[in-house]
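Descriptive structure summary
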Amino acid sequence: QVQLQESGPGLVKPSETLSLTCAVSGYSISSGYYWDWIRQPPGKGLEWIGTVYHSGSTYYNPSLKSRVTISVDTSKNQFSLQLNSVTAADTAMFYCVRRGGGSSLYFDYWGQGALVTVSS
Amino acid sequence: NFMLTQPHSVSESPGKTVTISCTRSSGSIANSFVHWYQQRPGSSPTAVIYEGNQRPSGVPDRFSGSIDSSSNSASLTISGLKTEDEADYYCQSYDNSDQVFGGGTKLTVL
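Below: a short report on this structure. If you're wondering where the values come from, they're calculated on a predicted model, not measured in any experiment.

What counts, and where the lines are drawn
- Counting restarts for each chain: residues are numbered from 1 in the order of the written sequence.
- All chains are assigned letters beginning with A, and all ligands numbers beginning with 1, in the order in which they are written.
- In view of the model being predicted, local features appear only for residues whose pLDDT reaches at least 70, and side-chain atom pairs are presented and counted only at 80 or more, with totals across whole chains, interfaces and linings using the full set of residues.
- The basis for every side-chain value is the complete set of heavy atoms in the structure, and neither hydrogens nor water enter the calculation.
- Throughout this description, the term nonpolar core refers to a set of buried Ala, Val, Leu, Ile, Met, Phe, Trp, Tyr and Cys residues connected via side-chain atoms within 4.5 Å.
- For every residue, the accessible area (1.4 Å probe, protein chains only) is compared with the maximum for its type, and the residue is labelled buried under 20%, exposed over 50%, or partly exposed between those bounds.
- Strands are runs of DSSP state E lasting at least two residues, helices are runs of H or I lasting at least four, and both sets are numbered from the N terminus onward.
- Residues count as neighbours in contact if any of their non-hydrogen atoms are within 4.5 Å of one another.
- Think of it this way: a Phe, Tyr or Trp ring, Trp meaning its six-membered ring, pairs with another when their centres are within 6.5 Å, and the plane angle makes it stacked under 30 degrees, edge-to-face over 60, tilted otherwise.
- To sit over a ring, a charge needs its Lys NZ or Arg CZ within 6 Å of the ring centre and within 35 degrees of the ring normal.
- The pairing criterion is simple: DSSP has to find at least two bridges between the two strands.
- Polar contacts, as used here, are pairs of N or O atoms within 3.5 Å; protein pairs need one atom able to donate a hydrogen and one able to accept it. Residues neighboring in sequence count only if both atoms are side-chain atoms.

1. Concerning the nonpolar core
Judged by nonpolar contacts, the single largest core of 26 residues is most densely connected at L18(A), W37(A), F79(A) and L81(A). Every element with two or more residues in this core is listed here: β3 (18-25), β4 (34-40), β5 (47-53), β7 (68-73), β8 (78-83), β9 (92-101) and β11 (114-118) of chain A. Beyond its immediate stretch of four places on either side in the chain, L18(A) contacts V12(A), L81(A), Q82(A), L83(A), V86(A), F94(A) and V116(A). The next biggest cluster of nonpolar side chains, apart from the first, holds 23 residues, and it includes F2(B), I29(B), F63(B) and V100(B).

2. Considering the packing of aromatic side chains
Residue and element names in this part refer to chain A. As enumerated under the stated definition, the model contains 13 aromatic pairs over all chains in all. Summarising the aromatic geometry, the rings of Y95 and W110 are spaced 5.7 Å apart at their centres and angled 80 degrees between planes, so their arrangement reads as edge-to-face. Taken together, the residues Y95 in strand β9 and W110 in strand β10 (residues 106-110) connect sequence positions 15 residues apart. For the pair Y95 and W110, one class covers both residues: buried. The ring of Y27 has R98 sitting right over it, with the charged end atom 4.9 Å from the ring centre. Cation over ring: R99 sits above Y34, and NZ or CZ is 4.7 Å from the ring centre.

3. Some thoughts on the sheet that holds strand β7 (residues 73-78) of chain B
Residue and element names in this part refer to chain B. Across the sheet, which stays open at both edges, the four strands sit in the order β1-β3-β7-β6 with antiparallel pairing between neighbours. Lying at the two open borders of the sheet, with one neighbouring strand each, are β1 (4-5) and β6 (63-68). Taken together, the two bridges between β1 and strand β3 (residues 18-24) define a ladder with antiparallel strand orientation. When the sheet's bridge partners are listed, L4 is paired in β3 with R24.

4. Focus on the side chain of Q99(B)
Residue and element names in this part refer to chain B. Residue position: Q99 is located in strand β9 (residues 98-101). Judged by relative accessible area, which is 6%, Q99 ranks as buried. A polar side-chain atom of Q99 sits 2.9 Å from a polar atom in the side chain of Q92.

So this is what it looks like as structure tokens:
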């Protein structure tokens, strides 16, 4: 069974960098598929942040592209998110997700989520 | 890029049928598959329909999906409503490498 688990600080100061890691078990990232980050502000909807392929190639939401870096470490079977220059508007639940279902690759496995609050 | 618009909320009684729409703002709804996710309070989303009308393993056949090119929209239909279906539902599609979510619909079963 594929499992994803987010980890990282739950509190980040404004203007600093938010960093999260997603540990994957039950599937080797090196085997393929896409590995994504999605966020959800409290009481609001889902926003796709970006994706990384096992090769390391990435693609980001154009609205966040200037502040986001997603990377993969296949030796540890994990991938990571960095979001720079955060503000209170970046407070959200962050989900790491595998995009590998069906032929069109829908989001088939989700982590439980990590709540990150931006506050001084 | 395009947007996906969903009704903010819908409500229906147990045993009835409800349909949630998802309208694409530009480009044809048929250009790329539409997926649907259910998010119960306090839980992560899970897929209930993928590629328009396919159900992941374990999803009951009370859930179905369709598209309507005339209205440029996709729909999620849930029949025989149960109280456990009460949740937020999100449609999702894509354009090249961009993944786009609808704003979500809160389904109340009362």
